[in-house]
Amino acid sequence: MTMDQTKTFDLSASFKAYDVRGIVGESITAEIVEAVGAAFVDVLQLEGKTVLVGGDMRPSSPEFSKAFANGAARRGANVQLLDLISTDELYYACGALNAAGATFTASHNPAEYNGIKMAKAGAVPISSETGLKEIQARAEEYLNTGSIPAAPVRGLIGVHDVLKGYSEYLRSLVDLRGIRPLKVVVDAGNGMAGLTTPAVLGDALLPKLPLEIIPLYFELDGSFPNHPANPLEPENLRDLQAAVVEHGADLGLAFDGDADRCFVIDEKGEPVSPSAITGMVARREIARAQGLGEANPTIIHNLLTSRAVPELVERLGGRAVRTRVGHSFIKAVMAAEGAVFGGEHSAHFYFRDFWNADTGMLAAMHVLAALGEQDGPLSELGREYEPYMSSGEINSEIEDKAAAVERVRHDFRNDDVEVDHLDGSTFIATDGSYWFNLRPSNTEPFLRLNVEATDKATMERVRDRVLALVRG
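Parameters and conventions
- Residues numbered from 1 in each chain as written.
- Predicted model: local features only at pLDDT ≥ 70, side-chain atom pairs only at ≥ 80, totals over all residues.
- Heavy atoms only, no water.
- Phe/Tyr/Trp six-rings, centres within 6.5 Å; stacked < 30°, edge-to-face > 60°.
- Helix = DSSP H or I, 4+ residues; strand = E, 2+ residues; numbered from the N terminus.
- Buried < 20%, exposed > 50% of the residue type's maximum accessible area, 1.4 Å probe, protein only.
- Contact = heavy atoms within 4.5 Å.
- Pairing = 2+ DSSP bridges.
- Axes fitted to C-alpha atoms, helices over the stretch in contact; angles between N-to-C directions.
- 1 Å grid on protein atoms, 1.4 Å probe; cavity = no way out; pocket = protein on both sides within 12 Å on 5 of 7 lines; lining within 4 Å.
- Points joined across faces, edges and corners; volume = space filled by probe spheres on them.
- Nonpolar A, V, L, I, M, F, W, Y, C, P; charged D, E, K, R; others polar.
- Salt bridge = Lys/Arg side-chain N within 4 Å of Asp/Glu carboxyl O.

Trainee: What is the right way to look at the packing of aromatic side chains in this model?
Mentor: For any pair of aromatic rings, the description rests on two quantities: the centre-to-centre distance and the angle between the ring planes. Considering all chains together, one arrives at 15 aromatic pairs under this definition. Look at Phe68 and Phe104: their rings are 5.8 Å apart centre to centre, the planes differ by 75°, and that puts the pair in the edge-to-face class. Here Phe104 lies in strand E4 (residues 100-104) and Phe68 lies in helix H2 (residues 61-74), a separation of 36 residues in the sequence. Phe68 gets classed as buried once you look at its relative accessible area, which sits at 0%. The class of Phe104 is buried, set by a relative accessible area of 0%. When the centroid spacing of 6.4 Å and the interplanar angle of 15° are considered together, the rings of Tyr434 and Phe436 count as stacked.

Trainee: Would you mind showing me how to read the environment of Pro125 here?
Mentor: Along the chain, the position of Pro125 falls in the loop between strand E5 (113-119) and helix H4 (128-145). Classification of Pro125 as partly exposed rests on a relative accessible area of 23%. Residues Pro125 and Tyr91, spaced 34 residues apart in sequence, show a C-alpha to C-alpha distance of 9.2 Å. In this structure Pro125 touches Thr130 and Lys331, once residues within four positions along its chain are discounted.

Trainee: So what exactly am I meant to see when it comes to helix H3 (residues 87-96) here?
Mentor: The α-helix advances 3.6 residues per turn, and as a result positions three or four apart in sequence lie on the same side. The buried fraction of H3 amounts to nine of the 10 residues, a majority that puts the element mostly inside the structure. Phi for Asn98, located one or two positions after H3, is positive at around 50°.

Trainee: Looking at this structure, how should I read the sheet that holds strand E2 (residues 50-55)?
Mentor: Across a sheet, paired strands are connected by hydrogen bonds in the backbone, their directions being either parallel or antiparallel. Ordered by their spatial adjacency, six strands build an open sheet running E1-E5-E4-E2-E3-E6, and the pairing between neighbours is mixed. Either end of the sheet is taken by a strand with one partner, and the two such strands are strand E1 (20-23) and strand E6 (157-159). Neighbour-to-neighbour, the strand axes of the sheet open up by a mean angle of 20°, direction not taken into account. Of the pairings in the sheet, the one linking E2 to strand E3 (residues 78-84) comprises six bridges and is parallel in character. Residue pairing in the sheet places Val53 in a bridge with Leu81 of E3. Contacts from H3 reach E2, E3, E4 and E5 within the one sheet, and its direction differs from that of E4 by about 170°.

Trainee: Looking at this model, I keep getting lost on empty space enclosed by the protein. Mind explaining?
Mentor: Over the atoms, a rolling probe the size of a water molecule traces out where space has been left empty. Taken as a whole and assessed by the stated rule, the structure comprises three cavities of 30 Å³ or more. Breaking the lining of the largest cavity down by element, the ones donating at least two residues are E5 and helix H10 (327-337). Each residue belonging to the lining of the largest cavity can be placed in one class, and the counts come to five nonpolar, one polar and three charged. In this model, the second largest cavity occupies a volume close to 40 Å³. Taken together, Asp187, His227, Pro228, Ala229, Asn230, Pro231, Asn236, Leu237, Ala254 and Phe255 form the lining of the second largest cavity. Residues of the lining of the second largest cavity, tallied by class, amount to six nonpolar, three polar and one charged.

Trainee: Teacher, can you tell me more about the pattern of salt bridges here?
Mentor: Applying the stated criterion across every chain yields a total of 23 salt bridges. Of the charged contacts, one joins Arg261 and Asp256 as a salt bridge, the two residues approaching to 3.1 Å between their closest N and O atoms. Salt-bridge contacts for Arg288 lead to Glu285; the nearest nitrogen and oxygen are separated by 3.0 Å. Taken together, the residues Arg288 and Glu285, both in helix H8 (residues 274-291) and three residues apart, mark about one turn of the helix. Given a relative accessible area of 31%, Arg288 falls into the partly exposed group.

Trainee: Any chance you could explain the sheet that holds strand E7 (residues 182-187) here in plain terms?
Mentor: Ordered in space as E8-E7-E9-E10-E11, the five strands form an open sheet in which the pairing is mixed. Here the strands that pair on one side only, and so sit at the sheet edges, are strand E8 (211-216) and strand E11 (271-272). Here six bridges tie E7 to E8, and the two strands are oriented parallel to one another. Opposite Asp187, over in E8, you have Leu216 as the bridge partner. Strand contacts of helix H11 (residues 360-372): E7, E8, strand E9 (251-255) and strand E10 (262-265), with the helix running at about 175° to E9, the strand carrying the most contacts.

Trainee: Looking at this model, I keep getting lost on the pairing of strand E19 (residues 417-420). Mind explaining?
Mentor: In the case of a regular strand, side chains alternate between the two sheet surfaces. Looking at chain direction, E19 and strand E20 (residues 425-429) are connected through four bridges and run antiparallel. In the sheet register, Glu418 faces E20, and the bridge partner there is Ile428. The antiparallel pairing of E19 with E20 creates a hairpin that spans four residues between the two strands, and Gly424 there sits at a positive phi of about 70°.

Trainee: Hey, could you run me through the layout of surface pockets in this one?
Mentor: Estimates place the volume of the second largest pocket at around 200 Å³. What lines the second largest pocket is His301, Leu303, Thr305, Ser306, Arg307, Pro310, Arg322, Thr426, Ile428 and Trp435. Looking at the lining of the second largest pocket residue by residue, the classes come out as four nonpolar, four polar and two charged.

Trainee: How should I be thinking about H4 in this particular structure?
Mentor: By the burial criterion, the buried members of H4 are Ser128, Gly131, Leu132, Ile135, Gln136, Ala139, Glu140, Tyr142 and Leu143. On its buried face, H4 sits against helix H1 (30-43) and E5. Looking one or two residues past H4, Gly146 carries a phi angle of roughly 90°, positive in sign.

Trainee: What is the right way to read the environment of Ala287 from this model?
Mentor: Assignment of secondary structure puts Ala287 in helix H8. Looking at Ala287, the relative accessible area reads 43%, which means it is partly exposed. C-alpha of Ala287 to C-alpha of Val53: the two residues are 234 residues apart in sequence and 36 Å apart in space.

Listed below in structure tokens is the structure:
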């Protein structure tokens, strides 16, 4: 290929800590993507090996998939195009087929964005510390010299559909055939869950389950005509909440654009916190591991997850391991600790049986199983896992974040608190009545606050005191 040599390429704006993300036509183009595909093969030494490439429903994903495939094949890799996939389908494919791969997605970002999530064989994540920086440097080299040298033998490009295999595999992990009938509203947000939900939970490819699925925004549309595919923002859950109540459904599920995260709404239209979901799934995974003879199964939770999670895990005879926030950290700790399951406050859920990778669909299936194996409503079941009051994440736009944290530390110096610095600063009341974490964003001028307390009044008092100091 011949490239435009009048430019000097610097990809640092689009290469992040765990993936690539940029604005289509500016920081991510077919030319750049072809160079990244070639660099991916070089850095991971994939000449003569299989590389898997797919993409989400964004308009640029098919073009980018082909460009990446061309770059990879030019450097001697044999490419299997997976076509339209969710991010957890990529992880399934990398695990089941034991091959490295990439998918084009910008997750919950707006329509003008696209990006690349990459994994090694076995769905091992690639981050800036494990190859992403080298891929960036090699891609820049190809772009700036104006050509990608051809390998001695050009790789072949074929097509491989993994949707049925993915669906069968998930159903083998959670058997929903015997649960009571449930009515489920699913908001796919015009994202990839519009493809995966009918395949896994419906009867598009496999026998029918005792589930009545009411679809919201299942049409794959990367312009997101109904609402952003980001369920972390409360306003993006409103349509789902209304539909659950209107249809008298047992629960609602909301997926983000690439369907690797899942949020849950109870029958009253109220969100069930990701910490409660973590506890619910942890209970099931601990019981299953113990049933297979595992003495004290390990559960990973990040430090912003409710302390109800480690308390539950210890009570059930498991071992709770606390980690900092971020999926590459969690996946690394999952592997190092041999953990059976991991959960984050951001609704990323990780499973040992899914190559330590995160999958929103598998978490949703565990919730359906937990609800369908008993008679009570989800609001009651969820309450068992949410004994404390939480503030949720509150962002304050602060230029001098370190000074703001120091003001808080100084003000709390005479309170009976312990402070740890695993990720930001966590202040823990020694009487167990509250804890809070202040964490600077790595990418934005935000200081993030999370507070949890034994009762609402304490939570609000601590929250307001900290915010006054931070914003003062």
